[in-house]
Amino acid sequence: MEDSEQLLATRPEERRSNGPWSARTLDSKAVEDFRRRLKYFFMSPCEKYRARGRKPWKLMLQIFKIVIITAQLISFGLSNEMMVTFKDGNLMTFRHIFLKGYKGQWMGSYALYTKTDLYEHIHYIIDTYANLQSVAVANLAYERVDGQYSPLSVCQVFYRNISIDPANDSFNIDPHVHKAGNKDWLLLLFDSVVIFACFISLILCTRSIINGINLQFEFSVFFHTYYNKSVSWSDRMEFVNGWYLLVIVSDTLTMAGSVMKIGIQTKFLTNYDVCSILLGTATMLVWVGVIRYLGFFKKYNILILTLRAALPNVMRFCCCATMIYLGYCFCGWIVLGPYHDKFRTFDKVTECLFSLINGDDMFSTFVIMRDKSYAMWLFSQLYLYSFISLFIYMVLSLFIALITDTYETIKYQQQDKEPVSEVQAFIAECRHQPQSGRYQRDEEPSTCCLSTCACFG
């Protein structure tokens, strides 16, 4: 409370007369304590360990999550791969068995055009199904209960071990079979561990976000009270760690995907696609989050700083470019759609134009319009040439220039070691290193920053 009373004792007139960064205010104990709080908040986990000896449990949890989530995804991917291979193989088998005259997908669409052919194929399917055991080479069977045929079912088991010696044509087969359900409980236990780890991580990151928002509010009130200045929006956002938001989204997707994966393993759910999207996106975000830890090293940090600094300008630039892109999409869909297969639907138009921006499939896009009317051919030439020239030579060049300019700016700031925000400039005044021992004692937060009424008296 003494720090708070000392912080409140300075009159606003004195603070304004001394001006920002004055020695009288900056040398006060309360200001120095608050500055150390800010510096400790923005430290890396290793620096926090040297400052207060607190083990980086959150960092270790994230590393543990990367390992188990990746292992979970690999397990699910292999299972999904086996399921898709099994399904595609059996689907091809059933097409050749039950579809009369089926030669493969290369022959195009399999269609019937007369009633006679339709009735003939229906009888063929019924007769084939009735004699399935004698017709099919594979072990396909059906039940017949009380004279009624049961629906077709497929069962699959695996031999535990099998070896073939081509030299003497000998086979060594383990007669015991292995069914997939014998080890499902291990996968369920592993998925439960993943859910628990993500839940703990979600709580810790949410707490860190809340602490950052509270500290941002304190700094805003503090800065306005002591220096009569308002904190900019960019400085406020420095207190909100975007990596924690990324981890929160990743944890949420992982928990949802793991719950669906458990439902699939217990035969309660069968939606592999949604589960794949959730787990795949979550794993992608987890590995993207690894960049945060590389950012603790200055040589790697420049990539993160460049992406963060260039993002606002890039978003504004993309909004403007999107307007032009949509204009070309609508125009090509309406005019060239009836004459060009790549412009037949709106989604095909967007895909075709995006491919043209990247230099893909240009010649075939041009050549298809050669046999059309002269007016359509002439319009297609003007349309395609103008689009390619505008987006490849201007839009993409300006986009790269934005990133390059931001990179040069960040590189110049790192060389000169100049603070790029008022928050960093304020923290830079703190000369205490993490190992100095000044961060060991527990400091009470300044109550002036929690009470705007007391600050503004």
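A. Quick look at the overall build of the chain. Of the regular secondary structure elements, the chain holds 19 helices and six strands. Roughly 28900 Å² of accessible area belongs to the chain as shown, and the carbon and sulfur atoms make up 63% of that amount.

B. The nonpolar core, seen in detail. Grouped together as the largest cluster of nonpolar side chains are 21 residues, with contacts concentrated most on Tyr-325, Phe-343, Leu-353, Tyr-383, Phe-387 and Phe-391. The element that contributes the greatest number of residues to this core is helix H17 (residues 374–416), accounting for seven residues. Among all residues touching Tyr-325, those that are not within four sequence positions of it are Thr-350, Leu-353, Phe-354, Ile-357, Phe-387 and Phe-391. With 15 residues, the next largest nonpolar core counts Ala-197, Leu-202, Tyr-244 and Val-247 among its residues.

C. Main features of the packing of helix H6 (residues 57–98) against helix H11 (residues 242–265). Where H6 meets H11, the axes come as close as 12 Å, and the angle between the chain directions of the two elements is 35°. For the pair H6 and H11, the sense of crossing is left-handed. Taken together, the residues of H11 that come into contact with H6 (itself represented by Lys-58, Gln-62, Lys-65, Ile-69, Gln-72 and Phe-76) are Tyr-244, Val-247, Asp-251, Thr-254, Ser-258 and Lys-261. Tallied by class, the residues present in the contact of H6 with H11 amount to four nonpolar, four polar and four charged.

D. Quick look at the pattern of salt bridges. Within the structure shown, the criterion is met by four salt bridges. Put simply, Lys-65 and Asp-251 hold a salt bridge, and the shortest N to O gap is 2.4 Å. One end of the pair, Lys-65, is in helix H6; the other, Asp-251, is in helix H11, with 186 residues separating them in the sequence. For the pair formed by Lys-65 and Asp-251, the shared burial category is buried. We note a salt bridge from Lys-348 to Asp-341, for which the minimum N-O separation is 3.9 Å. For Asp-341, a relative accessible area of 45% translates into the label partly exposed.

E. Broad picture of the packing of aromatic side chains. Using the criterion set out here, one finds 17 aromatic pairs in the structure. Between Phe-219 and Phe-239, the aromatic rings sit 5.7 Å apart at their centres with planes inclined by 40°, giving tilted as the arrangement. Here Phe-219 is found in helix H9 (residues 184–227), whereas its partner Phe-239 is found in the loop between helix H10 (233–237) and H11, with 20 residues between them in sequence. Its relative accessible area of 1% is what places Phe-219 among the buried residues. Since its relative accessible area comes to 1%, Phe-239 is described here as buried. Ring centres 6.2 Å apart and planes at 45° place the aromatic pair Phe-317 and Phe-399 in the tilted group. Taken together, the residues span a long stretch of sequence, with Phe-317 in helix H14 (residues 298–336) and Phe-399 in helix H17 at a distance of 82 residues.

F. Structural detail: a nonpolar patch on the surface. Taken together, the side chains of Met-323, Ile-324, Leu-326, Phe-330, Trp-333 and Ile-334 make up a nonpolar region of the molecular surface, amounting to roughly 570 Å² of accessible area. Examined against the element boundaries, Ile-334 turns out to sit in helix H14.

G. The state of the cysteines, seen in detail. One pass over the structure, following the stated rule, counts zero disulfides. Its sulfur unpaired, Cys-319 is 6.8 Å from the next cysteine sulfur, which belongs to Cys-320.

H. Highlighting the packing of H6 against H9. Between H6 and H9, the least distance of the axes is 10 Å, while the angle of their chain directions is 145°. Read as a crossing pair, H6 and H9 show a hand that is left-handed. Where H6 approaches H9, its residues Lys-58, Leu-61, Gln-62, Phe-64, Lys-65, Ile-68, Ile-69, Ala-71, Gln-72 and Ser-75 are matched on the opposing element by Leu-187, Phe-190, Asp-191, Val-193, Val-194, Ala-197, Cys-198, Ile-200, Ser-201, Leu-204, Cys-205 and Ser-208. For the contact of H6 with H9, the residue count by class is 14 nonpolar, five polar and three charged.

I. Expanded view of the environment of Tyr-325. When you line up the elements, Tyr-325 lands in helix H14. Considering only alpha carbons, one finds Tyr-325 and Phe-387, 62 residues apart in sequence, at a separation of 8.7 Å. One polar contact links the side chain of Tyr-325 to the main-chain amide nitrogen of Phe-354, over a distance of 3.2 Å.

J. A look at the environment of Phe-41. In this structure, Phe-41 sits in helix H4 (residues 29–41). C-alpha separation for the pair Phe-41 and Leu-215, spaced 174 residues apart in sequence, amounts to 8.9 Å. Those residues within four positions of Phe-41 in sequence are excluded, and the remaining contacts are Lys-48, Gly-212, Leu-215 and Phe-239.

Quick notes on the rules
Residues numbered from 1 in each chain as written. Predicted model: local features only at pLDDT ≥ 70, side-chain atom pairs only at ≥ 80, totals over all residues. Heavy atoms only, no water. Helix = DSSP H or I, 4+ residues; strand = E, 2+ residues; numbered from the N terminus. Areas by Shrake-Rupley, 256 points an atom, 1.4 Å probe, with all protein chains shown as cover. Core = buried A, V, L, I, M, F, W, Y, C linked by side-chain atoms within 4.5 Å. Buried < 20%, exposed > 50% of the residue type's maximum accessible area, 1.4 Å probe, protein only. Contact = heavy atoms within 4.5 Å. Axes fitted to C-alpha atoms, helices over the stretch in contact; angles between N-to-C directions. Left-handed = near helix turned anticlockwise from the far one by under 90°. Nonpolar A, V, L, I, M, F, W, Y, C, P; charged D, E, K, R; others polar. Salt bridge = Lys/Arg side-chain N within 4 Å of Asp/Glu carboxyl O. Phe/Tyr/Trp six-rings, centres within 6.5 Å; stacked < 30°, edge-to-face > 60°. Patch = residues over 30% accessible without salt bridge, like charges linked within 9 Å, V, L, I, M, F, W, Y side chains within 5 Å. Disulfide = S-S within 2.5 Å. Polar contact = N/O pair within 3.5 Å; in protein donor to acceptor, adjacent residues only side chain to side chain.

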